[in-house]
Amino acid sequence: MTTLASSPGPAPLRVGVAGLGTVGASVLRILNRQENAIAARCGRAVRVTAVSARDRTRDRGIDLTGYTWFDDPVELARSSQIDCFVELVGGSDGVAKAAVEAALSSGKSVVTANKALLAHHGVALAALAEEKGVALAFEASSAGGIPVVKTLREALSGNSVSRLYGILNGTCNYILSRMELEGLTFEACLKDAQRLGYAEADPTFDVEGYDTAHKLAILTSLAFGVKIDAEAIHVEGISSIAPLDLKMADELGYRIKLLGVAERTRTGIEQRVHPTMVPKSSAIAQVMGVTNAVTIDADAVRELTLVGPGAGGDPTASAVVADITDVASGTSGLPFGLPVSRLEQPARTPMQRHEGGYYIRLAVADRPGAAAAIATRMAQADISLESIVQHRSEAAATRDPTGRSGAPVPVVLITYATSESAIRDALEKVTADGHIAEPPQVIRIERE
């Protein structure tokens, strides 16, 4: 009787990691810690064989002696020592783009957390990956540890998505949460967020909405089967939000969140990032602190909300490792769920056509006829008001013998559904009339 030797299993997937910051170091730790479990799940071992970073001498709390070191990420991407290239360098162009292109052109699969790179070059990189027959995976790019990419691309493939919106930046959500709960100013909360490491030294990218916009661009493509169109996104940040706005929102039954919203309208795809009032009863209103959340409206599941850590070393690394295991097991799908040739060029719905309710806070001059004149301008623009709330400040409460203080009075208008263009037209005329002492505060209201 002849005994046949068992055939050897598939060769390990050899991984090269470029970028050994917080996320990169966490990726190495998770792969080491879960080595046996990953091999069992994939039917194939995963081995990091090479790494690259800017500073070879930095102490990252991990032993790098077992890995081949590359000073140049592009050289690592082309190396015959790896099968899968993990890009955690960051940036929309430069070495990150060059390295990813080099890896794909060399027939290597790529895993990346780089939202800026994908927002600007995702379609072209996906086409290159298709051409070479390799994977381009990016679960970690849009919501950290929340598996929203796979949810849209795979779990909801039988659904037609009508709207997607979410809290996609933990820094902004932390600041707004602290402002609401403690009555602090934006500046005070930002300073504290920087001290705790939640905000960068230059926080512009986060607090002015650009980080959220990059993530939204990627999710819009997945949700609606369209090419990424980051330039179409209307972007506003949270730096103009005042404690009074959060106080008023609370009184009116809302919370203020920085949302990224993508919605299919009659005229195309509307993409916008801005502070938004959401009903306290909504799932997304309950998400506080640095946590992220994404709500998907679709025909079969109706409404699905995913909540979890949107940033940080381990949560983001968790998503990176999930993509690596898909590469190892051969289960990575098309980057955007469809061949690039079938991704549609989205028709843009400009922000001026947005329709919905609005919160408008005005610093109205305390003189006869001012409020009536403002109401007239609203009526002329066919804007119906649901409510008018007046909060008289201490300064305005001290009146002179004529009964007028001279200090502006905060007046809040809540509108029924109207258009962005109507709101802007009316407020332009109100400003020209000289009845308000400072630029209007406008916050859109998102329906449930």
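Quick notes on the rules
- Residues numbered from 1 in each chain as written.
- Predicted model: local features only at pLDDT ≥ 70, side-chain atom pairs only at ≥ 80, totals over all residues.
- Heavy atoms only, no water.
- Phe/Tyr/Trp six-rings, centres within 6.5 Å; stacked < 30°, edge-to-face > 60°.
- Helix = DSSP H or I, 4+ residues; strand = E, 2+ residues; numbered from the N terminus.
- Buried < 20%, exposed > 50% of the residue type's maximum accessible area, 1.4 Å probe, protein only.
- Expected span 1.5 Å × (residues − 1).
- Pairing = 2+ DSSP bridges.
- Disulfide = S-S within 2.5 Å.
- 1 Å grid on protein atoms, 1.4 Å probe; cavity = no way out; pocket = protein on both sides within 12 Å on 5 of 7 lines; lining within 4 Å.
- Points joined across faces, edges and corners; volume = space filled by probe spheres on them.
- Nonpolar A, V, L, I, M, F, W, Y, C, P; charged D, E, K, R; others polar.
- Core = buried A, V, L, I, M, F, W, Y, C linked by side-chain atoms within 4.5 Å.
- Contact = heavy atoms within 4.5 Å.
- Axes fitted to C-alpha atoms, helices over the stretch in contact; angles between N-to-C directions.
- Lys, Arg positive; Asp, Glu negative; His and termini not counted.
- Salt bridge = Lys/Arg side-chain N within 4 Å of Asp/Glu carboxyl O.
- Polar contact = N/O pair within 3.5 Å; in protein donor to acceptor, adjacent residues only side chain to side chain.

## Here we look at the packing of aromatic side chains
In this description, an aromatic ring pair is defined by two values, namely the gap between the centres and the angle between the planes. Evaluated as defined, the whole model comprises 2 aromatic pairs. Plain terms: the ring middles of Phe-138 and Phe-336 are 5.1 Å apart, the flat faces sit at 40 degrees to each other, and that makes the pair tilted. On the criterion of sequence distance, the pair formed by Phe-138 in the loop between strand S6 (136-137) and helix H6 (140-143) and Phe-336 in the loop between helix H13 (313-329) and strand S13 (355-364) is long-range, its members being 198 residues apart. Of the two residues, Phe-138 and Phe-336, neither departs from the other in class, the shared state being buried. Considering the side-chain rings of Tyr-174 and Tyr-198, the 4.9 Å spacing of their centres and the 65 degrees angle between planes classify their relative orientation as edge-to-face. Of this pair, Tyr-174 sits in helix H8 (residues 170-182) while Tyr-198 sits in the loop between helix H9 (186-195) and helix H10 (204-207), and the two are 24 residues apart along the sequence. For Tyr-174, a relative accessible area of 9% gives the class buried. Accessibility expressed as a relative area gives 37% for Tyr-198, which makes it partly exposed.

## What to know about helix H11 (residues 210-224)
Counted at 1.5 Å a residue, the expected span for H11 with its 15 residues is 21 Å, and the 21 Å between its end C-alpha atoms agrees. A positive backbone phi angle near 65 degrees is found at Gly-225, which sits one or two residues after H11.

## With respect to helix H4 (residues 94-105)
When the terminal C-alpha atoms of H4 are compared, their 17 Å separation across 12 residues agrees well with the 16 Å that a helix rising 1.5 Å per residue should span. Within the span of H4, buried status applies to Ala-96, Lys-97, Ala-99, Val-100, Ala-102, Ala-103 and Leu-104. Immediately downstream of H4, the backbone of Gly-107 shows phi near 80 degrees, a positive value.

## Overview of the pairing of strand S9 (residues 254-264)
Summarising burial for S9: 10 of the 11 residues are buried, a large majority. Examined bridge by bridge, strand S7 (residues 161-167) and S9 share 4 bridges and lie antiparallel to one another. By the bridge assignment for S9, Gly-166 is matched with Gly-260. Linkage of S9 to strand S10 (residues 269-279), two consecutive antiparallel strands, is achieved through a turn of 4 residues, within which Gly-268 is found at a positive phi near 150 degrees.

## Notes on the state of the cysteines
Taken as a whole, this structure holds 0 disulfides when the rule is applied. For the unlinked cysteine Cys-42, the closest cysteine sulfur is that of Cys-84, found at 11 Å. Judged by its relative accessible area of 14%, Cys-42 falls in the buried class. With no disulfide partner, Cys-172 has as its closest neighbouring cysteine sulfur the one in Cys-189, 12 Å distant. Note on Cys-172: relative accessible area 1%, which makes it buried.

## As for empty space enclosed by the protein
Using the criterion set out here, one finds 1 cavity of 30 Å³ or more in the structure. Of all the elements in the fold, those that place two or more residues in the lining of the largest cavity are S6, helix H7 (148-155) and H13. By residue class, the composition of the lining of the largest cavity is 2 nonpolar, 2 polar and 4 charged.

## Here we look at the nonpolar core
Core analysis: the largest hydrophobic core is formed by 81 residues, its most contacted members being Phe-85, Val-148, Leu-152, Ile-175 and Ile-238. Residues within four places of Leu-152 in sequence aside, it is in contact with Ser-157, Val-161, Leu-164, Leu-219, Leu-222, Ala-223 and Ile-296. Of all hydrophobic cores here, the second largest spans 33 residues; its members include Ile-38, Cys-42, Val-86 and Ala-319.

## Some remarks on the sheet that holds strand S1 (residues 13-18)
An order of S3-S2-S1-S4-S5-S6 is seen for the 6 strands of this open sheet, with the pairing classed as parallel. Each edge of the sheet is formed by a strand with only one pairing partner; in this case those strands are strand S3 (68-70) and S6. In this sheet, strand S5 (residues 109-112) lies alongside strand S4 (residues 84-87) in parallel orientation, the contact comprising 4 bridges. Counted as the bridge partner of Cys-84 is Ser-109 from S5. Where H4 meets the sheet, it contacts S4 and S5, and its direction lies at approximately 165 degrees from that of S4. Strands S1, strand S2 (46-52), S4, S5 and S6 of the sheet are contacted by H13, whose axis makes an angle of about 165 degrees with S5.

## A word on the side chain of Lys-108
Mapped onto the fold, Lys-108 is located in the loop between H4 and S5. No salt bridge is formed by the buried Lys-108. Its closest oppositely charged neighbour is Asp-83, at 7.1 Å. A polar atom in the side chain of Lys-108 sits 3.3 Å from the backbone oxygen of Ser-79. Not counting residues within four places of it along the chain, the set of residues in contact with Lys-108 comprises Ala-77, Arg-78, Ser-79, Ile-82, Asp-83, Ala-103 and Val-134.

## Details of the environment of Ile-296
Here Ile-296 lies in strand S11 (residues 291-298). Along the backbone, Ile-296 and Ile-383 are 87 residues apart, and their C-alpha atoms lie at a distance of 30 Å. If we ignore the near neighbours within four places in the chain, the residues touching Ile-296 are Val-148, Thr-151, Leu-152, Leu-156, Val-161, Arg-163, Leu-164, Arg-302, Glu-303 and Leu-304.

## Some thoughts on the pairing of S1
Of all 6 residues in S1, 5 are buried; the element is thus mostly enclosed. Direction of pairing for S1 relative to S2: parallel, over a ladder of 6 bridges. Within the sheet, the bridge partner assigned to Val-17 lies in S2 and is Val-51. Taken together, the 4 bridges between S1 and S4 define a ladder with parallel strand orientation. Paired with Ala-18 across the two strands is Glu-87, which belongs to S4.

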